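# Coordinates in review
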Amino acid sequence: MDAQRRGQLASALEAVHARIATALASCDRVEPPTLIVVTKYFPGTDVEILYDLGVRDIGESRDQEARLKVADLDFRDDLRVHFIGQVQTNKAASVVRYADVIHAVDRPKLVSALARAAHSRPQPVDVLVQVDLETRPGRGGVVPDHAARLADAIAETAELRLRGVMAVAPLGSDPEPAFATLAEVATRISAHHPEATWISAGMSTDLEVAVRYGATHLRVGGAILGSRPPRR
Ligand SMILES: *Cc1c(COP(=O)(O)O)cnc(C)c1O
């Protein structure tokens, strides 16, 4: 194991945990969120170091990269793999084979594709409804007013287990009103689906705001792993 890289990751991870602790204290919140470390574009050796440092949740966003990366891990069964990227319907079968949680479910067609793909799994796959918080139609997600209807469709699908909502803050504007909207959508959905308690929100730059608005899962990449290598 690369000692220098281990040292880097350990101190960055510690700094992020400290930010989370400060954010929790500032809003009198006790229950900490789950930290998902986003390892997209970084090698499996980093995942091994992170696991050694106690990380048990990783986030990936590209099917082929994620599939190959997690296939090689000998602690695979002790790690939760969160697929946080957009899922093309023709990739549903592949993603369902290794993902424990799929965060970006945003359309009925994808619900049926995932259901077909997950049919052979022993357990249903955990999914979140991705809510679009952009003022203009953005980078995936269902508009807030239609999120509850999509959640109902997921809840009626035996192969999928509705766990809650997910969103990315709007690009270049204040995350606060956006995360407030997300919290409202989450409340509306969990009123009908008591299992759907998760709110996946907050990234490297806005995790404090997400903590304040009730995020149960943070997805943090850059603040832990450093700037991402260029996409190949
Ligand atoms: C890449 C990515 C993240 C992590 O973003 P950072 O700014 O590196 O923390 C979180 N969520 C999604 C959906 C992503 O694609």
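As a reminder, the structure under discussion sits directly above these lines.
Once a new chain begins, its residue numbering starts again from 1 and follows that chain's sequence as written. Totals for whole chains, interfaces and linings use every residue, but because this is a predicted model, local features are given only for residues with pLDDT of at least 70 and side-chain atom pairs only at 80 or more, for both listing and counting. Processing note: side-chain calculations cover all non-hydrogen atoms of the structure and skip hydrogens and water entirely.

Further remarks concern the overall build of the chain. When its secondary structure is counted, the chain shows 9 helices and 8 strands. The principal-axis extent of the C-alpha atoms belonging to the chain is close to 50 × 45 × 30 Å. Buried residues in the chain amount to 51% of all 232 residues. Residue pairs in contact within the chain that sit at least 24 positions apart in sequence constitute 61% of those at least 6 positions apart. Each accessible area value is a Shrake-Rupley result obtained with a 1.4 Å probe; residue values ignore everything except the protein chains displayed when judging cover. Looking at the chain as shown, the accessible area adds up to about 11,300 Å², and 51% of this sits on carbon and sulfur atoms. Put simply, DSSP marks the helices as runs of H or I at least four residues long and the strands as runs of E at least two long, and each gets a number from the N terminus on. Relative accessible area decides the class of each residue, using a 1.4 Å probe on protein chains only: under 20% of the type maximum gives buried, over 50% gives exposed, and in between gives partly exposed. We call two residues contacting when some pair of their heavy atoms lies within 4.5 Å.

Let's shift gears to the pairing of strand β1 (residues 34-38). The element β1 is extensively covered by neighbouring structure, given that 4 of its 5 residues are classed as buried. The rule for pairing is simple: two strands pair if DSSP sees at least two bridges between them. Sheet topology places β1 next to strand β8 (residues 217-220); 4 bridges connect them, and they run parallel. The residue bridging Val37 from the neighbouring strand is Val220, located in β8. Bridge count for β1 against strand β2 (residues 57-60) is 2 bridges, and the pairing is parallel. Bridge pairing in β2 links Val38 to Gly59. Call a crossover right-handed when, viewed with both strands pointing away from you, the route from the first strand across the helix to the second goes clockwise. Each parallel crossover has a hand, and the one from β1 via helix α2 (residues 44-52) to β2 is right-handed.

How two helices pack is summed up by the angle between their axes together with the distance between the axes. Between helix α1 (residues 3-26) and α2, the shortest axis-to-axis distance is 10 Å and the interhelical angle comes to 60°. Looking at the two axes, α1 sits oblique to α2. Handedness of the α1/α2 crossing: right-handed. Residues Arg5, Arg6 and Leu9 of α1 form the contact with α2, whose own contacting residues are Asp46, Ile49, Leu50 and Asp52. Ten residue types, Ala, Val, Leu, Ile, Met, Phe, Trp, Tyr, Cys and Pro, are classed as nonpolar, four, Asp, Glu, Lys and Arg, as charged, and the remainder, Gly among them, as polar. By residue class, the composition of the contact of α1 with α2 is 3 nonpolar, no polar and 4 charged. The axes used here are C-alpha line fits, helices contributing only the stretch in contact, and every angle between their N-to-C directions lies in the interval 0 to 180 degrees. When describing relative orientation, an angle under 35 degrees is termed roughly parallel and one over 145 degrees roughly antiparallel, while 65 to 115 degrees is termed roughly perpendicular and anything else oblique. Crossings are assigned a handedness: left-handed for a near helix turned anticlockwise from the far helix by less than a right angle, right-handed for a clockwise turn.

At their nearest, the axes of helix α6 (residues 144-155) and helix α7 (residues 175-192) sit 10 Å apart, and the two run at 30° to each other. For the element pair α6 / α7, the angle class is roughly parallel. α6 and α7 meet at a crossing whose hand is right-handed. Of the residues in α7, those in contact with Pro144, Asp145, Ala147, Ala148 and Ala151 of α6 are Thr181, Val185, Arg188 and Ile189. Residues that form the contact of α6 with α7 fall into these classes: 6 nonpolar, 1 polar and 2 charged.

The topology assignment puts Ala147 in helix α6. Separated by 30 residues in the primary sequence, Ala147 and Ala117 place their C-alpha atoms 22 Å from one another. Excluding residues that lie within four positions of it along the chain, Ala147 makes contacts with Val129, Val131, Val142, Val185 and Ile189.

For Phe, Tyr and Trp, rings pair up if their centres lie within 6.5 Å, where Trp contributes its six-membered ring, and each pair is then called stacked (planes under 30 degrees apart), edge-to-face (over 60) or tilted (otherwise). Under the defined criterion, the tally for this structure stands at 1 aromatic pair. Ring geometry for Tyr51 versus Phe75: centroids 3.9 Å apart, planes at 15°, classification stacked. Pair noted here: Tyr51 is in helix α2 and Phe75 is in the loop between α3 (63-71) and β3 (80-83), with a separation of 24 residues, a long-range link. With a relative accessible area of 18%, Tyr51 lands in the buried category. A cation over an aromatic ring shows up here: Arg56 above the ring of Tyr51, its NZ or CZ 3.7 Å from the ring centre. We call a charge positioned over a ring when the NZ of a Lys or the CZ of an Arg lies within 6 Å of the ring centre and within 35 degrees of the ring normal.

This part takes up the side chain of Asp46. Among the structural elements, Asp46 can be located in helix α2. On the accessibility criterion, Asp46 (4% relative accessible area) is buried. Every residue in contact with Asp46, bar those within four places of it in the chain, is listed here: Arg5, Leu9 and Leu225.

When at least one non-hydrogen atom of a residue lies within 4 Å of a molecule or strand, that residue is treated as near it. The environment of the ligand is formed by Val38, Lys40, Ile84, Met166, Val168, Met203, Ser204, Arg219, Val220, Gly221, Gly222 and Arg228. Separating an oxygen atom of the ligand from a side-chain N or O atom of Ser204 is a distance of 2.6 Å. In protein, a polar contact means a hydrogen-donor-capable atom and an acceptor-capable atom, both N or O and within 3.5 Å, with residues adjacent in sequence counting only if both atoms are side-chain atoms; elsewhere, any N or O pair within 3.5 Å suffices. For the ligand, an oxygen atom lies 2.8 Å from a polar atom in the backbone of Gly222. Here the ligand has 390 Å² of accessible area as a free molecule, and 85% of this is covered by the chains. Only protein atoms enter the 1 Å grid used here. Points where a 1.4 Å probe fits but cannot escape make up a cavity, open sets with protein on both sides within 12 Å along at least five of seven lines make up a pocket, and a residue lines them when an atom lies within 4 Å of a point. Cavities and pockets are treated as containing a molecule whenever more than half of the molecule's atoms lie within 2 Å of their grid points. The pocket occupied by the ligand, as judged from atoms lying within 2 Å of grid points, is the largest pocket. Of the residues belonging to the shell around the ligand, the class tally is 6 nonpolar, 3 polar and 3 charged.

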